Amino acid sequence: MDVDLTDTAGAAPMRLTVKPAKVTAGTVSLRASNTGTLAHEVVVLPLAAGKPIGKQPIGADSRVSETGSAGEASHNCAAGEGGGIAPGSAGWATLTLQPGRYELICNFPGHYAMGMRAELDVTQ
């Protein structure tokens, strides 16, 4: 799946979009392309049944908890964790996802609150 990370010079709205927004359970590869002007990341968080996206509690550090994360793409031109995906670059992750709903987010300070989130549905 492809994830696009974009912003307008650090101002709201920031966007994170995923295509396709529905995948089959199992091994899933995501490629995160940063078309914005700031560094970004993609963290994959399970989403409880009935809970809408955009409602994660935001901490004092302007980030949400990554507890239970299924993985992330935040390394420039590589897979896994890192210091972020620079503008004009891409990162990726290969994850094993169970059926359910997930929220893909950029968890850099303030980015989630400015709109960097999208839903991913994983089916049987």
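Parameters at a glance
- Residues numbered from 1 in each chain as written.
- Predicted model: local features only at pLDDT ≥ 70, side-chain atom pairs only at ≥ 80, totals over all residues.
- Heavy atoms only, no water.
- Helix = DSSP H or I, 4+ residues; strand = E, 2+ residues; numbered from the N terminus.
- Rg over C-alpha atoms; globule rule 2.2 N^0.38 Å.
- Buried < 20%, exposed > 50% of the residue type's maximum accessible area, 1.4 Å probe, protein only.
- Areas by Shrake-Rupley, 256 points an atom, 1.4 Å probe, with all protein chains shown as cover.
- Lys, Arg positive; Asp, Glu negative; His and termini not counted.
- Charge placed at Lys NZ, Arg CZ, Asp CG, Glu CD.
- Contact = heavy atoms within 4.5 Å.
- Pairing = 2+ DSSP bridges.
- Axes fitted to C-alpha atoms, helices over the stretch in contact; angles between N-to-C directions.
- Salt bridge = Lys/Arg side-chain N within 4 Å of Asp/Glu carboxyl O.
- Polar contact = N/O pair within 3.5 Å; in protein donor to acceptor, adjacent residues only side chain to side chain.
- Disulfide = S-S within 2.5 Å.
- Core = buried A, V, L, I, M, F, W, Y, C linked by side-chain atoms within 4.5 Å.

Peer 1: Please explain the overall build of the chain as it appears in this structure.
Peer 2: Tallying secondary structure elements over the chain gives zero helices and nine strands in all. When the helices and strands of the chain are placed in sequence order, the string is β-β-β-β-β-β-β-β-β. Expected size for 124 residues packed as a compact globule is a radius of gyration near 14 Å; at 13 Å, the chain falls within 12% of this value. Across its three principal directions, the C-alpha atoms of the chain cover 40 × 30 × 20 Å. Expressed as a percentage of the 124 residues in the chain, the buried residues total 40%. As presented, the chain carries roughly 5900 Å² of accessible surface, and 55% of it is formed by carbon and sulfur atoms. Placing the 9 positive and 11 negative side-chain charges of the chain at their respective mean positions leaves the two points 8 Å apart.

Peer 1: Hey, could you run me through the environment of Phe108 in this one?
Peer 2: Within the fold, Phe108 resides in the loop between β8 (100-105) and β9 (117-123). Sequence separation between Phe108 and Val42 is 66 residues, and the spatial gap between their C-alpha atoms is 9.4 Å. Those residues in contact with Phe108 that sit more than four places away from it in its chain are Ala39, His40, Glu41, Ser62, Arg63, Gly83 and Gly84.

Peer 1: Which parts of the structure should I look at to understand the sheet that holds β9?
Peer 2: Sheets are built from strands paired through backbone hydrogen bonds, the pairs being either parallel or antiparallel. Across the sheet, which stays open at both edges, the five strands sit in the order β3-β9-β8-β5-β6 with mixed pairing between neighbours. The open sheet has two free edges, formed respectively by β3 (22-24) and β6 (71-73), since each of these has just one partner strand. Averaged over all pairs of adjacent strands, the angle between their axes in this sheet comes to 30 degrees, without regard to strand direction. Bridge analysis of strand β5 (residues 42-47) against β6 gives three bridges, and the strand direction is antiparallel. Across the sheet, the residue bridging to Val43 is Glu72, located in β6.

Peer 1: Just checking my understanding: could you explain the side chain of Glu103 for this structure?
Peer 2: Along the chain, Glu103 turns up in strand β8. Salt bridges are absent for the buried Glu103, whose nearest opposite-charge side chain, Arg117, sits at 4.8 Å. In terms of polar contacts, Glu103 uses its side chain to reach the side chain of Gln56, at 3.0 Å. Only 3.0 Å separates the side chain of Glu103 from the side chain of Tyr112, close enough to count as a polar contact. With sequence-adjacent residues up to four places away left out, Glu103 is seen in contact with Val43, Val44, Leu45, Leu47, Ile53, Gly54, Gln56, Tyr112, Arg117 and Ala118.

Peer 1: Explain unusual backbone geometry to me, please; I cannot follow it from the model alone.
Peer 2: When glycine is set aside, most residues are seen to have a negative phi, and most peptide bonds are trans. Backbone torsion omega between Lys19 and Pro20 reads -10 degrees, so that peptide bond is classified as cis. Residue position: Pro20 is located in the loop between β2 (11-19) and β3. One non-glycine residue with positive phi stands out, namely Ser62, at about 65 degrees. Within the secondary structure, Ser62 is located in the loop between β5 and β6. For Ser62, a relative accessible area of 35% corresponds to the partly exposed category.

Peer 1: Hey, could you run me through the state of the cysteines in this one?
Peer 2: Such a bond, covalent and formed between the sulfur atoms of two cysteines, is termed a disulfide. This model, assessed by the stated rule, comprises zero disulfides. Cysteine Cys77 is unpaired, with the sulfur of Cys106 as its nearest cysteine sulfur at 17 Å.

Peer 1: Please explain the nonpolar core as it appears in this structure.
Peer 2: The nonpolar side chains of a soluble globular protein tend to be buried, and buried together. Ranked by size, the top nonpolar core spans 25 residues in total, and within it Val3, Leu30 and Leu104 carry the most contacts. Discounting residues that sit within four places of it in the chain, Val3 has contacts with Leu16, Thr17, Val18, Leu30, Arg31, Ala32, Ser33, Val42 and Leu104.

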